[in-house]
Amino acid sequence: MKQLPKSIKFIWLQSAGFSFLAWLIFGIIYFVMTKFWSWLPSWGLGIIMALMVIEVVVEITLIPYRYAFYKYQVTETDVEIQKGFFFRKDVSIPIARVQNVDLNQGPLLRLQKLYSITIATGGSSHDVESLTHQEANYLKDRVMSLAREARNEK
Amino acid sequence: MKNRRLNVLTLLFYWWRNLKLFFALFILLISLQRVMFLAIILFLLLFIDPIIRYLMFRYTLGKNELLVKSGLIFKKERHIPYERIQNIQRKQWFFLKPFHVEMVMIDTGAKTKKANKLELTAVNDRIIDEIEKQRNQSNVESISIKAIHSQNSTRYRIKWPDLLIYAITSANIFTELFIIYSFVERYNVGKYFKSYSQRIESQIENSGWLIISALVITLVILLLIINVIRVIFKYYHFTLTRDDKNLTIQRGLLKTNTIHLSTKKIQAVEIRQTVLRQLFGLMTVTIHLISDRNGSDDHHSFTLIPVVKKRVVTRVVHQFCNLVPENCPQLVSGDGYMMWLFSRNSLIPVLILSAAIFYFYHGIFWVIGTGIITLIVILNGIYKGYNTSVKQINDSELMLKTSKNFDNKTVFVGWHQIQSMKLRQSIWMKKRQRVHLELSIRNGNDAKIFEYRYLPEAKVNAIFKWYRDFA
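Residues numbered from 1 in each chain as written. Chains lettered and ligands numbered in written order. Predicted model: local features only at pLDDT ≥ 70, side-chain atom pairs only at ≥ 80, totals over all residues. Heavy atoms only, no water.

Can you break down the side chain of Thr388(B) residue by residue, with the values?
Residue and element names in this part refer to chain B. Here Thr-388 lies in the loop between helix H12 (364-387) and strand E15 (389-394). Thr-388 gets classed as buried once you look at its relative accessible area, which sits at 1%. Within the structure, Thr-388 has its side chain in polar contact with the backbone oxygen of Lys-384 (distance 2.7 Å). Among the polar contacts made by the side chain of Thr-388, one reaches the side chain of Thr-402 at a distance of 3.1 Å. Among residues more than four places away in sequence, those in contact with Thr-388 are Gly-334, Met-338, Phe-342, Lys-401, Thr-402, Ser-403, Arg-453 and Leu-455. (Helix = DSSP H or I, 4+ residues; strand = E, 2+ residues; numbered from the N terminus. Buried < 20%, exposed > 50% of the residue type's maximum accessible area, 1.4 Å probe, protein only. Polar contact = N/O pair within 3.5 Å; in protein donor to acceptor, adjacent residues only side chain to side chain. Contact = heavy atoms within 4.5 Å.)

Here's what the structure looks like:
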């Protein structure tokens, strides 16, 4: 079982920063709106700030937990994803069942040269939050060659 | 390879559909001014539209594909290779029998909802046979085996008494009764009844209640009869035939429905038993298919056998689908801890609700009411705990069973059909060594998740290991 690349922690920290920003913008908009509509209560701003603090703090403190209990494994025959400690999830996806693999890269992941991948079977889809370019390519090639084999057998 | 038009009778179907549309629109328009003028224009448009559509719809039986052209302003051509046709469904109204004309639905197995279904509204029998022959020919392996085994077809017919019990025990009656009851409640029909019955009461003493209960009984009997007739119309002469790798289902009284499908497309077999049918030992067999939009009659699952005796169910189904073993394997039923967990989980909301009720209302009526609900919930938990179990029945197959609201559901599925497997375990379950098991199985165009909760960890881990290391 492998862990995600270390730099994912930094990405999670950044995305916590973005949610901080989003809440902040929301708060500012609310503040401006109270100037125009006097019926908006001023304690609403307090609630927004409180939610902001709670979300950002929870997101940041959970980073080590998320990192420590997020494991995956790509073998010859299957992909396995394991996450969580208090609520543990363990998924196995046989490569023969995989229909397609999507490599996604948002701006944050691009800076760290990482990919997030989505493995789609006939219906369900599963995410691995980040893989290095090399690992993502290995998985993709593996799936493609197995899919070709399966077709040849037919 | 010539362009063909559909049978002229297509126009009847088109007109009939447009007539329904016309009345729907007419009701919407009725409040407008000059409604008659608009209605006439609308009627003319809806009358002419089928003629244009009929004239523009042409199809060709090509060498390798079925080609369909349609559209007046926006021309459309669809090319459907024979080998891509997933299943073919034929429908024939009784009045079309003399004309040898049927409706065909062709499932192309395409991903998008719109593109996966092609309807040839009215076509001559001969042409449908031709399409089916072409499709079978493009599937070379099946034709060669078919030549050898053509006599070895297996057949299943539903017996009349079973079908009658099936109709009577269908849960529709309760929903229908409930709908009528809420209708009566809402529109105060009861008030008229009361005044009416009071009038009679003055003549015949104390018989008001008698009349009402007689009315209710008549209503129930009426609904039963309607249900029986509906089921008979739908499943009349239900015949399931297996020819090597192809299944054919034929049913219907006024409208004969014929479906051909390949056993290779079957993803899972589900055997269900509702509470009422448990009393009669009857079961329903449904299958999950890769693409079943044509044939889906309820919630994407496809009825293989609407009713069959419990004693013989696996023996019968085994003849048609190898996923189900001939002799039903015995499952180890769930233990007391599972029963407790299921009861507890569903008791929590009930207890909160009854606490709220006791706070606001007092009286023996409420105590008895909540007491009964609590009892039912506990019984349901015990029943579910007893019935939830999984088992690996051979090298490549699982048998899984659970229940919901006293309805039993047993699923047979093979390794090749399980898209992914997921285990879930919270930290509290870890202590007691329990795991939730989730399977994802293809159904229609997406997946269906089958969940089995609070199973013993050792058993589930063995299954997970088998699943992971199978290939």
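Give a description of H12(B) that names residues and reports values.
Since there are 3.6 residues in each turn of an α-helix, residues three or four apart along the chain are aligned in direction. All names here are of chain B. With 24 residues, H12 extends 34 Å from end C-alpha to end C-alpha; this agrees with the ideal 34 Å at 1.5 Å per step. Among the residues of H12, Thr-370, Thr-374, Val-377, Asn-380, Gly-381, Tyr-383, Gly-385 and Asn-387 are the ones counted as buried. Where H12 is buried, its residues touch helix H9 (275-280), helix H11 (336-360), E15, strand E16 (397-404) and strand E17 (407-414). (Expected span 1.5 Å × (residues − 1).)

Give me the interface of chain A and chain B: which residues, what numbers.
It is common to give the size of an interface as the accessible area lost on bringing the parts into contact. Counting residues at the interface gives 20 residues for chain A and 22 residues for chain B. Between chain A and chain B the total buried area reaches about 1800 Å² when both faces are included, carbon and sulfur atoms providing 56% of it. Counting across the interface, chain A meets chain B through one salt bridge. Our count for the chain A to chain B interface comes out at seven residue pairs in polar contact (both at pLDDT 80 or more). For the side of chain A that touches chain B, the secondary structure elements donating two or more residues are strand E3 (78-83) and strand E4 (87-94) of chain A. At eight residues, the largest contribution of residues to the side of chain A that touches chain B is made by E4(A). Counted by class, the side of chain A that touches chain B contains six nonpolar, eight polar and six charged residues. (Buried area = accessible area lost by both parts, 1.4 Å probe. Salt bridge = Lys/Arg side-chain N within 4 Å of Asp/Glu carboxyl O. Nonpolar A, V, L, I, M, F, W, Y, C, P; charged D, E, K, R; others polar.)

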